[in-house]
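What follows is each chain in one-letter form.
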Amino acid sequence: DTFGLGRTALPEEIAAWDKDVRPDGTGLPDGSGDVLTGEEVFADQCAVCHGDFAEGVDNWPKLAGGAGTLADEDPLKTVGSYWPYLSTAWDYVNRSMPFGNAQTLDADEVYAIVAYILYSNDLVDEDFVLSNETFADVELPNHDGFILDNRLETEHSKWVGEPCMENCKEDVKVTMRAMVLDVTPDEGKDEPAPAMVEDAPVVEETKVEEAPVEEVVALDPELVAAGAKVFKKCKACHQVGDGAKNKTGPVLNGIIGQAAGAVEGFKYSKALKAKAEGGLVWTDETLAEFLRKPKAFMKGTKMSFAGLKKEKDLAAITAYLTSLGN
Amino acid sequence: ATPDPLITEVQPWASGLGDGVDASPYGLPIQYEGDVVRRNVEWLTADTISSINFTPIHALDGTITPQGCAFERHHSGAIDLKKDDYRLMINGMVDRPLVFSYADLERFPRENHVYFCECAANTGMEWAGAQLNGAQFTHGMIHNMEYTGVPLRTLLEEAGYDTAGKWVYVEGADASSNGRSIPMEKALDDVLIAFKANGEALRKEHGYPVRLVVPGWEGNMWVKWIRRIEVTDAPVESREETSKYTDVLENGIARKWTWEMDAKSVVTSPSPQAPITHGKGPLVITGLAWSGRGAIKRVDVSKDGGKTWETARLAKPGEKMALTRFYLDTNWDGDEMMLQSRAMDDTGYVQPTKTQLREVRGLNSIYHNNCIQTWLVRANGEAENVEVS
């Protein structure tokens, strides 16, 4: 009856991939974490996008607040105000966060982060400890806020049949125009001209800076490739390459050899500006020192990154950034 | 009249030579079509890694979307996954938990089907009012391809699924995992494990080497880089099916499990990015219609904002859960038009107006906005996105 294709999935393999957690807590591993630990882990791992208080940075998701806003004009849907099940928060943090560095947190850290998210939504006290045992005690406020799809009853039964073809309305007026808002991206039809203008200086720069080009050639390609992989941890905030823009963090093209705080248009922290005034230049050594433990190297930096523990990752990332040149 | 030098004079292309074969071993569109590309709306999301872009539907015709301009939606970026590194696991309530390699999948009997894939958020920015000026931006979170793949049913049978398992949970290999719960009934019906689209391998951005195809249902369920299928007795209630892809109604209560994409249509030309440039006279009005609940039976077009309607010509009879192209071959008198299209599917459902939708759902649903769209075409041929009374 069957094709006899495929092979038996081993228990270890199933355990490695089957990590989903159900609303009743099925699938949760043993472990625990308290709010205060969670606050620290959150600051290191999550705050760069979600804010120190889970309030969200720029367009990144807000995780706290919004209680009672679901029926408002612009509801704020957070873990506290909208999510029906705590299991979903645990599962998502465990499998997909931090953004760009997923599946690096241990179970206790995930419990701690989720405990802190609950705390930031005023749902638990600061001495709360979330564990596989206390999990079932927490019911999220919007637990009962969902109904099953009822479009067939509420819409389809009404919107069937032979539609009107003539004299369907007496009068038609334009009531709103998209042009008023002016939020549509440019089509790119007039882009060729600006692009050519931009091209010119790029060509000049490569001519002038022959020295760095040689340096790039001398880099170990394997180390650069390893660095490109390490850089995935940075991509949530930093862009590189052609067309890179400042995001949560500044563009990093040509950062090696550059004075600190010099990327045009990026709003640096006071801490970084102070270092820049003190003459900090990003070299392999200074950058490695920063990335090893950002908050120790520069107290008050905006960069909420826990740091790279392995020396070979540090060597790889600096090689990769050097390879980017300008 | 003056003779046209393009005709009377020998042109360089009629005298010299063109490119040889292999000038472009994998061809790209000619340079003059360089503006027929996907575009994103930067202010919509925090970063392009977790974002969406839009198919240039205003510039395409027929129904098949070329992969290179079919919209992309990633939650943790488009990953690079080799066929050799690909594994698909089936576990949970099955007699034989199995792991398949890519090569294994190619040994099962396979099928070909054309289906549209529409993001549930398509037209989502238009709930509160006319906002984006172009069919690409208002309706471009859709593509339509011919898929080659193995029915999910075949793989479930291979693993010996337990009939007490009412759900399958599907997840991808990327960091987002994008897990979704799908009722077993649908899984056994028409869901495909697909590895080719429009005859060639899936593109990286569409889940190379293997993605799930869930005909007629919201795009978020079409898990890319699919790596695991778990047969379960209950839904997982993952992030994608609770905090996202649920629809808040006016009273703050949200609908969940709104899987089917309702019947919908849009005029793709003329439209804001595809104005009329030829003045009055013969004019082809064209657009796309689709329904996640069946086949398109009829499309009507109005030029006066819904006062009167004419039935358009379908390029081919509508096919289930696939895009249908419609044409209204007309004679434009040069007057202003308020162009609309209205789709009907074989369930008898008629695409609603925005007012009708708002009456039931309010303004905060984000997803599943299938309202009738209006383009105001002015006497100079330019068009804009408007709302009408």
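Above: the structure in question.
Here the structure is a predicted model, which is why all the values come from computation and not from measurement.

1. Focus on the overall build of chain A
Along the backbone of chain A there are 14 helices and five strands. The principal-axis extent of the C-alpha atoms belonging to chain A is close to 75 × 65 × 60 Å. Residues classed as buried in chain A amount to 42% of the 326 residues present. In chain A, the share of contacts with a sequence separation of at least 24, taken over all contacts with a separation of at least 6, comes to 54%. Approximately 18,400 Å² of chain A is accessible, and the part contributed by carbon and sulfur atoms is 53%. Within chain A, one finds 31 positive and 59 negative side-chain charges whose respective centroids are separated by 3 Å.

2. Some thoughts on the sheet that holds strand S15 (residues 254-256) of chain B
In spatial order, the strands read S4(A)-S15(B)-S14(B); together these three strands make up an open sheet with mixed pairing. Since the sheet does not close on itself, it has two edges, and those belong to strand S4 (146-148) of chain A together with strand S14 (247-248) of chain B, each with one partner. For S4(A) and S15(B), the ladder comprises three bridges, and the chain directions are parallel. The residue of S15(B) that forms the bridge with A:Ile147 is B:Arg255.

3. Considerations on a negative patch on the surface
Taken together, the side chains of A:Glu39, A:Glu40, A:Asp44, A:Asp52, A:Glu55, A:Asp125, A:Glu126 and A:Asp127 present a region of like negative charge at the surface. Residue position: A:Asp125 is located in the loop between helix H5 (107-120) and strand S3 (129-131).

4. Here we look at the state of the cysteines
By definition, a disulfide links the sulfur atoms of two cysteines through a covalent bond. What the rule picks out here adds up to one disulfide over all chains. A:Cys164 shares a disulfide with A:Cys168; S-S distance 2.1 Å. Measuring handedness by torsion sign, the sulfur bridge of A:Cys164 and A:Cys168 sits at about -100° and is left-handed. Residue A:Cys164 is classed as partly exposed on the basis of its relative accessible area, which comes to 34%. B:Cys69 takes part in no disulfide bond, and the closest cysteine sulfur to it belongs to B:Cys117, at a distance of 14 Å. What makes B:Cys69 buried here is its relative accessible area of 7%. Free of any disulfide, B:Cys119 has its nearest cysteine sulfur in B:Cys117, 8.0 Å distant. With relative accessibility at 4%, the residue B:Cys119 sits in the buried group.

5. Here we look at the environment of A:Ala226
Looking at the element boundaries, A:Ala226 is found in helix H10 (residues 221-230). Measuring from C-alpha to C-alpha, the distance between A:Ala226 and A:Val124 comes to 43 Å, with 102 residues separating the pair along the chain.

6. As for the side chain of A:Arg22
Mapped onto the elements of the fold, A:Arg22 is located in the loop between helix H1 (11-17) and strand S2 (32-34). When near neighbours in sequence (up to four residues on either side) are disregarded, A:Arg22 contacts A:Ser87, B:Thr232, B:Asp233, B:Ala234, B:Pro235 and B:Val236.

7. Quick notes on the environment of A:Ser32
Residues and elements named next belong to chain A. Along the chain, Ser32 turns up in strand S2. Placed 102 residues apart in sequence, Ser32 and Thr134 show a C-alpha to C-alpha distance of 8.8 Å. When sequence neighbours within four positions are dropped, the list of residues in contact with Ser32 reads Asp108, Tyr111, Val129, Leu130 and Ser131.

8. Some remarks on a positive patch on the surface
Taken together, the side chains of A:Lys229, A:Lys232, A:Lys235, B:Lys82 and B:Lys204 present a region of like positive charge at the surface. In this structure, A:Lys229 sits in helix H10. Residue class for A:Lys229 comes out exposed when judged on its relative accessible area of 63%.

9. Quick notes on helix H2 (residues 35-45) of chain A
Residues and elements named next belong to chain A. Taken residue by residue, H2 has Val35, Gly38, Val41 and Phe42 as its buried positions. Looking straight down H2, one finds that the buried residues subtend no more than 115° of arc, so they occupy a single side. Where H2 is buried, its residues touch S2, helix H3 (47-50) and H5. Taking the backbone nitrogen of Leu36 as reference, a side-chain oxygen 3.1 Å away marks Asp34 as the first, capping residue of H2.

10. So, the packing of aromatic side chains
Summed over the entire model, instances satisfying the criterion amount to 22 aromatic pairs over all chains. Ring plane angle 55° and centroid distance 6.5 Å describe the contact between A:Trp159 and B:Tyr349, whose orientation is recorded as tilted. With A:Trp159 in the loop between helix H6 (151-156) and strand S5 (174-177) and B:Tyr349 in the loop between strand S22 (337-345) and helix H7 (354-361), the pair connects residues from two separate chains. For A:Trp159, a relative accessible area of 7% gives the class buried. Here the aromatic rings of B:Phe100 and B:Phe108 are separated by 5.6 Å at their centres, their planes lie at 85°, and the arrangement is edge-to-face. Exposure class is identical for B:Phe100 and B:Phe108. Each is buried. Following the ring pairs from residue to residue traces out a cluster consisting of B:Trp167, B:Trp217, B:Trp257 and B:Trp259. We note B:Arg239 situated over the ring of A:Tyr92; from NZ or CZ to the ring centre the distance is 4.3 Å.

11. Here's the deal with the sheet that holds strand S9 (residues 180-183) of chain B
Spatially, six strands are ordered S1(A)-S5(B)-S4(B)-S13(B)-S8(B)-S9(B) in an open sheet, and the strand pairing comes out mixed. Two strands close off the open sheet at either side, each with one partner strand: strand S1 (7-8) of chain A together with S9 of chain B. Direction of pairing for strand S8 (residues 167-172) of chain B relative to strand S13 (residues 226-232) of chain B: antiparallel, over a ladder of six bridges. When the sheet's bridge partners are listed, B:Val168 is paired in S13(B) with B:Val231.

The rules behind these values
Residues numbered from 1 in each chain as written. Chains lettered and ligands numbered in written order. Predicted model: local features only at pLDDT ≥ 70, side-chain atom pairs only at ≥ 80, totals over all residues. Heavy atoms only, no water. Helix = DSSP H or I, 4+ residues; strand = E, 2+ residues; numbered from the N terminus. Buried < 20%, exposed > 50% of the residue type's maximum accessible area, 1.4 Å probe, protein only. Contact = heavy atoms within 4.5 Å. Areas by Shrake-Rupley, 256 points an atom, 1.4 Å probe, with all protein chains shown as cover. Lys, Arg positive; Asp, Glu negative; His and termini not counted. Charge placed at Lys NZ, Arg CZ, Asp CG, Glu CD. Pairing = 2+ DSSP bridges. Patch = residues over 30% accessible without salt bridge, like charges linked within 9 Å, V, L, I, M, F, W, Y side chains within 5 Å. Salt bridge = Lys/Arg side-chain N within 4 Å of Asp/Glu carboxyl O. Disulfide = S-S within 2.5 Å. Arc of directions from axis to C-beta. Polar contact = N/O pair within 3.5 Å; in protein donor to acceptor, adjacent residues only side chain to side chain. Phe/Tyr/Trp six-rings, centres within 6.5 Å; stacked < 30°, edge-to-face > 60°. Lys NZ or Arg CZ within 6 Å of the ring centre and 35° of its normal.

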